There are 2 protein chains.
Amino acid sequence: MRIAIDAMGGDYAPAEIIAGALEAKEVLGKEHEIVLIGDEPVIREHLVRLNADPDTFRIFHAPEVIGMDEPPVEALRRKKKSSIAVMARAASHRQVDAALSAGNTGACVAACQLRMRNLENVIRPGIATVFPTLGGPVIVCDVGANIVCKPIHLYQYAVMSCVYAEEMLGITNPRVGIMNIGEEEAKGNDLVKKTRALLKADPSINFAGNLEGRDIFDGHFNVVICEGFVGNVVLKTAEGLVNMIFRAIKDELKSHWWLALQFKKVMTNIYKKYDYNEYGGALLLGVNGTAVICHGSSKARTIKNAILASRKFSTQRINEKIVQRLSQSTVMSNGQ
Amino acid sequence: MRIAIDAMGGDYAPAEIIAGALEAKEVLGKEHEIVLIGDEPVIREHLVRLNADPDTFRIFHAPEVIGMDEPPVEALRRKKKSSIAVMARAASHRQVDAALSAGNTGACVAACQLRMRNLENVIRPGIATVFPTLGGPVIVCDVGANIVCKPIHLYQYAVMSCVYAEEMLGITNPRVGIMNIGEEEAKGNDLVKKTRALLKADPSINFAGNLEGRDIFDGHFNVVICEGFVGNVVLKTAEGLVNMIFRAIKDELKSHWWLALQFKKVMTNIYKKYDYNEYGGALLLGVNGTAVICHGSSKARTIKNAILASRKFSTQRINEKIVQRLSQSTVMSNGQ
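Residues numbered from 1 in each chain as written. Chains lettered and ligands numbered in written order. Predicted model: local features only at pLDDT ≥ 70, side-chain atom pairs only at ≥ 80, totals over all residues.

Participant: Where do I start with the pairing of strand E10 (residues 282–285) of chain A in this structure?
Facilitator: On any regular strand, side chains alternate: one points to one face of the sheet, the next to the other face. All names here are of chain A. Side chains Ala282 and Leu284 of E10 all project onto a buried face; the interleaved residues Leu283 and Leu285 project onto the opposite face, where all are buried too. Here three bridges tie strand E5 (residues 126–133) to E10, and the two strands are oriented antiparallel to one another. Within E10, the residue paired with Gly126 across the bridge is Leu285. Two strands pair when backbone bridges link them, and E10 and strand E11 (residues 290–293) are joined in this way by two bridges, in the antiparallel orientation. (Buried ≥ 20, exposed ≤ 12 C-beta atoms within 10 Å, placed from the backbone. Helix = DSSP H or I, 4+ residues; strand = E, 2+ residues; numbered from the N terminus. Pairing = 2+ DSSP bridges.)

Below you can see the structure in the form of structure tokens.
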């Protein structure tokens, strides 16, 4: 397969993105090809700086870059030659089989949705991200592709995330929960209540009920579905809080250098155990292709992992399995 | 003033609640009276166990208890003699000036809303909680009273939370943000966009724009407003994540007893700096009275702080100031 990487997207682009591509190339296997998308002279120059042959990768030239903070839709309209736009077009023309970016998330999601189109029967794609927890990895979907959801969208996120959990994470019969403000059936807004009914109506889903924010981390659920607005807030709150806690610990240890050193080792071990970079990036589930959204702060190792994840996503034929599940769904055939 | 405490509500009730009431009594001042609500013989027995005079407090007898996990509305309907129901009735009859519970949050909010009624012009009360952050305390409102919000509700949360920030936390001209999935104006759902317009139309509000989940913790905002569904998920996600991180650290230090001991001291210092128990509980803003919702896990010190917070809320005449601000609001008078 051919995996396209947006070489210009992300806080550490293009250096770390290209370095990640080089790392991935070492382990990918000859049958797979990495294609870099971006400013060709810049990419070639960086390859030389990294002591690599400037001809290592095929490059699709894209002279423009969409900035991390640009309004996505407007930027896509204005910058037709941006790396994200060129990458999404290459995917739509089947010149590449997977698209991967650590750049402007909104622009990447919009471009992939527009160009790749949806899988059969999928109404709205959703971003599925993996939270590493004490109880193992938990998939949360959607974290921002679809901020105004209908029950059928959330139902489809559950189906798609289950296939993802089974095929990518090796979880059998994943336990699915809906994010809510309480566990009781009577609690929640209209969206939660109606989605609950759809999930209960599908015997192929191992529906484990409502969950509250704190239950993400206790291992009781493998898949958590929620409206993109809520998922995005959860993801970013978690990120901000982790940063704050570690900064507070660091501040506290400032005057205790020996203890700080010891504790750094402890943190490194914890970091290894709960490292979300292991998963590379978040999958945009429901598009007709493979689209991986990496965090803006991704460095080489994360990019490498994201490339390997996109290979696995594709070779496990996850999209085919999603289409098959949805076509067999009693909920879908009831005309929901 | 007379402050009513639900002696039966919370994971450590009644022992810790009563102990907290005793601690508060020491510092409250003669002009204030604490009234305990609950099973009178049980309360008197606990007072004796705590080496206190069983006649220390006036007690309003309430033989029933609403469990932490009972469906709130149904439980209130069934248990008319529960401590929460009796407390809310006492508040509605002006037998007490403040009501405080660490019991079933939903039941407490519902009972207070029903019995205390709303302040003039307030459409829906909201729960305001304080997040301790590196940048100082941040008020998040609503965290669960109102899960389906209209723009005018969120606008009122901003007005009420500003008064709270100024009077309770001493923050001048608090910076207000709306929780969103991105900082750009164009981003967000309909609720966010319409609320934004209302906040911008009110020159008395220091509106600082949209924020993302991670921005709660960086000190840029003093007041964060959001729909109760979102706020509740944020609050509980934060709680779950903090627990997970400290459990992960503890697990990692299990075989290093000396380091664990040192680190415990570090954690105690951090805990002191970012201790949400300092704030006692969350205020239900917008009801015609003082209602404090404490965390279910509250122990004596938190209850004491909540009692002191309810005194401050009342003596600072926050409700009067809220009514005044809303009556002067150009947004309100535009018939929103």
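There's plenty left to go through after this.
Participant: When you look at the domain arrangement of chain A in this model, what are you seeing that I'm missing?
Facilitator: Interface size is commonly expressed as the accessible surface area that is lost when the partners come together. Residue and element names in this part refer to chain A. What the domain assignment lists for chain A is domain 1 (2–122 + 286–317) and domain 2 (126–276). Facing eight residues of domain 1, the contacting portion of domain 2 comprises eight residues. For the side of domain 1 that touches domain 2, the secondary-structure elements that each account for two or more residues are helix H5 (105–116) and helix H10 (300–315). Classifying every residue of the side of domain 1 that touches domain 2 by side-chain character gives four nonpolar, three polar and one charged. (Domains from an automatic or database assignment. Contact = placed C-beta atoms within 7 Å. Nonpolar A, V, L, I, M, F, W, Y, C, P; charged D, E, K, R; others polar.)

Participant: Would you mind going over the nonpolar core with me for this structure?
Facilitator: Proteins that are soluble and globular tend to have nonpolar side chains buried together. Residues A:Ala4 and B:Ala4 are the most contacted members of the largest nonpolar core, which totals 224 residues. Residue contacts for B:Ala4: discarding those within four places in its chain leaves B:Val35, B:Ile37, B:Met87, B:Ala90, B:Ala91, B:Val96, B:Ala98, B:Ala99 and B:Leu100. (Core = buried A, V, L, I, M, F, W, Y, C linked by C-beta atoms within 7 Å.)

Participant: Looking at this structure, how should I read the packing of helix H6 (residues 151–169) of chain A against helix H11 (residues 318–328) of chain A?
Facilitator: Relative orientation and spacing of two packed helices are given, respectively, by the angle between their axes and the distance between those axes. Residues and elements named next belong to chain A. Axis separation between H6 and H11 bottoms out at 10 Å; the angle between their running directions is 135°. Between H6 and H11, the interaxial angle falls into the category oblique. Relative to H11, the crossing made by H6 is right-handed. Contacts between H6 and H11 involve Gln156, Val159, Met160, Val163, Tyr164 and Glu167 on the former and, on the latter, Ile318, Lys321, Ile322, Arg325 and Leu326. (Axes fitted to C-alpha atoms, helices over the stretch in contact; angles between N-to-C directions. Parallel < 35°, antiparallel > 145°, perpendicular 65-115°, else oblique. Left-handed = near helix turned anticlockwise from the far one by under 90°.)

Participant: For this particular structure, what's the right way to read the packing of helix H4 (residues 83–92) of chain A against H5(A)?
Facilitator: All names here are of chain A. Two numbers describe how H4 lies on H5: the axes approach to 9 Å, and their chain directions differ by 25°. Classed by the angle they form, the pair H4 and H5 counts as roughly parallel. When you trace H4 past H5, the crossing you get is right-handed. On the side of H4, the interface is formed by Ile84, Ala85, Ala88, Arg89, Ala91 and Ser92, while H5 contributes Ala107, Cys108, Ala111, Cys112, Leu114, Arg115 and Met116.

Participant: I'm lost on H5(A) in this one. Help?
Facilitator: An α-helix turns once every 3.6 residues. As a result, residues three or four positions apart point the same way. Residue and element names in this part refer to chain A. With twelve residues, H5 extends 16 Å between its outermost C-alpha atoms, agreeing within 8% with the 16 Å of an ideal straight helix rising 1.5 Å per residue. Within H5, nine of the twelve residues are buried, leaving the element largely enclosed by the surrounding structure. Taken as a whole, H5 has its buried residues at Thr105, Gly106, Ala107, Cys108, Val109, Ala111, Cys112, Arg115 and Met116. The secondary structure elements touched by the buried residues of H5 are helix H3 (72–78), H4, strand E4 (98–101), E5, E10 and E11. Two residues or fewer past H5, Arg117 is found with a positive phi of approximately 65°. (Expected span 1.5 Å × (residues − 1).)

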